[in-house]
Amino acid sequence: DAKTTQPPSMDCAEGRAANLPCNHSTISGNEYVYWYRQIHSQGPQYIIHGLKNNETNEMASLIITEDRKSSTLILPHATLRDTAVYYCIVRVVSGGLTFGKGITLSVRP
Amino acid sequence: GAVVSQHPSWVICKSGTSVKIECRSLDFQATTMFWYRQFPKQSLMLMATSNEGSKATYEQGVEKDKFLINHASLTLSTLTVTSAHPEDSSFYICSATYRGTGELFFGEGSRLTVL
């Protein structure tokens, strides 16, 4: 799997949008961008994934640049319960997940 | 989304004993299951990949005789930590690949403490 690079941490105010960046400059054509998050002492939770088009679901939006070398996960209205470690991972559909260090998002009241 | 269940969610055992952790896909068939280990304040580390009906593939540095993996059916994989020692204390997490789409779903994790 290609490596991803994420800042170690960021914070945002409750109710505001949280924009989490990820660089994946060596991504291959058949690799998807996946986002998972892990709240303390729980298993990772799937958030969203995409190949090249922007995606949106009930949890978040995923914006992938045209060259696919980077992406941004957007939580439109962050709540305190969104405080977690967020992992950006690139993966072929049939492959496993290789976790990096992720980005710790802290949502402040 | 699909549900993956792990049991037990936490276990405490004495040094030298063996502990079995189960990973079940509750509402789908899982062709492949993955086992991860996570130490405090660290990321998840892949231990092994198991495919139903075949031997597991272990990552470098993971002892296959110590961490026995059995994937006997499309809905169940087990991880047995044999002769556990305090350094095996960790958070063990499984994930299962949904047979239809290839999506990965994670269990809630099992916290092992070896005294």
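Procedures and definitions
- Residues numbered from 1 in each chain as written.
- Chains lettered and ligands numbered in written order.
- Predicted model: local features only at pLDDT ≥ 70, side-chain atom pairs only at ≥ 80, totals over all residues.
- Heavy atoms only, no water.
- Contact = heavy atoms within 4.5 Å.
- Buried area = accessible area lost by both parts, 1.4 Å probe.
- Salt bridge = Lys/Arg side-chain N within 4 Å of Asp/Glu carboxyl O.
- Polar contact = N/O pair within 3.5 Å; in protein donor to acceptor, adjacent residues only side chain to side chain.
- Helix = DSSP H or I, 4+ residues; strand = E, 2+ residues; numbered from the N terminus.
- Nonpolar A, V, L, I, M, F, W, Y, C, P; charged D, E, K, R; others polar.
- Pairing = 2+ DSSP bridges.
- Axes fitted to C-alpha atoms, helices over the stretch in contact; angles between N-to-C directions.
- Buried < 20%, exposed > 50% of the residue type's maximum accessible area, 1.4 Å probe, protein only.
- Disulfide = S-S within 2.5 Å.

1. Concerning the interface of chain A and chain B
Counting residues at the interface gives 18 residues for chain A and 15 residues for chain B. For the pair chain A and chain B, the summed buried surface comes to about 1,200 Å²; carbon and sulfur atoms form 53% of the total. The largest share of the area that chain A buries against chain B comes from P44, L97 and F99 of chain A, three residues that together contribute 30% of it. Here chain A is connected to chain B by zero salt bridges. Counting every contact that joins chain A to chain B gives six residue pairs in polar contact (both at pLDDT 80 or more). Mapped onto the side of chain A that touches chain B, the elements with two or more residues apiece are strand 3 (32-38), strand 4 (45-50) and strand 8 (84-91) of chain A. A total of three residues in the side of chain A that touches chain B trace back to one element, the largest contributor, which is strand 3 of chain A. A per-class count over the side of chain A that touches chain B returns eight nonpolar, eight polar and two charged.

2. Some words on the sheet that holds strand 3 (residues 19-25) of chain B
Residue and element names in this part refer to chain B. One open sheet holds the four strands; their spatial order is 1-3-8-7, and the pairing between them is antiparallel. At either end of the open sheet lies a strand with only one pairing partner, and these are strand 1 (4-7) and strand 7 (67-73). Averaged over all pairs of adjacent strands, the angle between strand axes in this sheet comes to 15°, irrespective of strand direction. In terms of strand pairing, strand 3 meets strand 8 (residues 76-81) through six bridges, oriented antiparallel. Among the inter-strand pairings, R24 is bridged to a residue of strand 8, identified as L76.

3. Description of the pattern of salt bridges
Residue and element names in this part refer to chain B. Under the counting rule described, the total for this entry stands at four salt bridges over all chains. Between K66 and D88 there is a salt bridge whose closest N-O contact spans 2.9 Å. You can see K66 sitting in the loop between strand 6 (57-58) and strand 7 and its partner D88 sitting in the loop between strand 8 and strand 9 (90-98), a full 22 residues away along the chain. The two residues K66 and D88 agree in class, both being buried.

4. Re the state of the cysteines
Tallied over the full model, the rule gives two disulfides over all chains. Put simply, C22 of chain A and C88 of chain A are joined by a disulfide, and their sulfur atoms are 2.1 Å apart. Because the sign of the S-S torsion sets the handedness, a value of about -80° for the bond joining C22 of chain A and C88 of chain A places this disulfide among the left-handed ones. Remark: C88 of chain A occurs in strand 8 and C22 of chain A occurs in strand 2 (residues 18-23); sequence separation between them is 66 residues. Residue pairing for C23 of chain B: its cysteine sulfur links by disulfide to C94 of chain B, the two sulfurs lying 1.9 Å apart. Here C23 of chain B and C94 of chain B share a disulfide; its torsion about the S-S bond, 80°, makes the bridge right-handed. A residue pair is termed long-range when its members are at least 10 positions apart, and C23 of chain B in strand 3 and C94 of chain B in strand 9 qualify at 71 residues. Residues C23 of chain B and C94 of chain B agree in their burial class; the two are buried.

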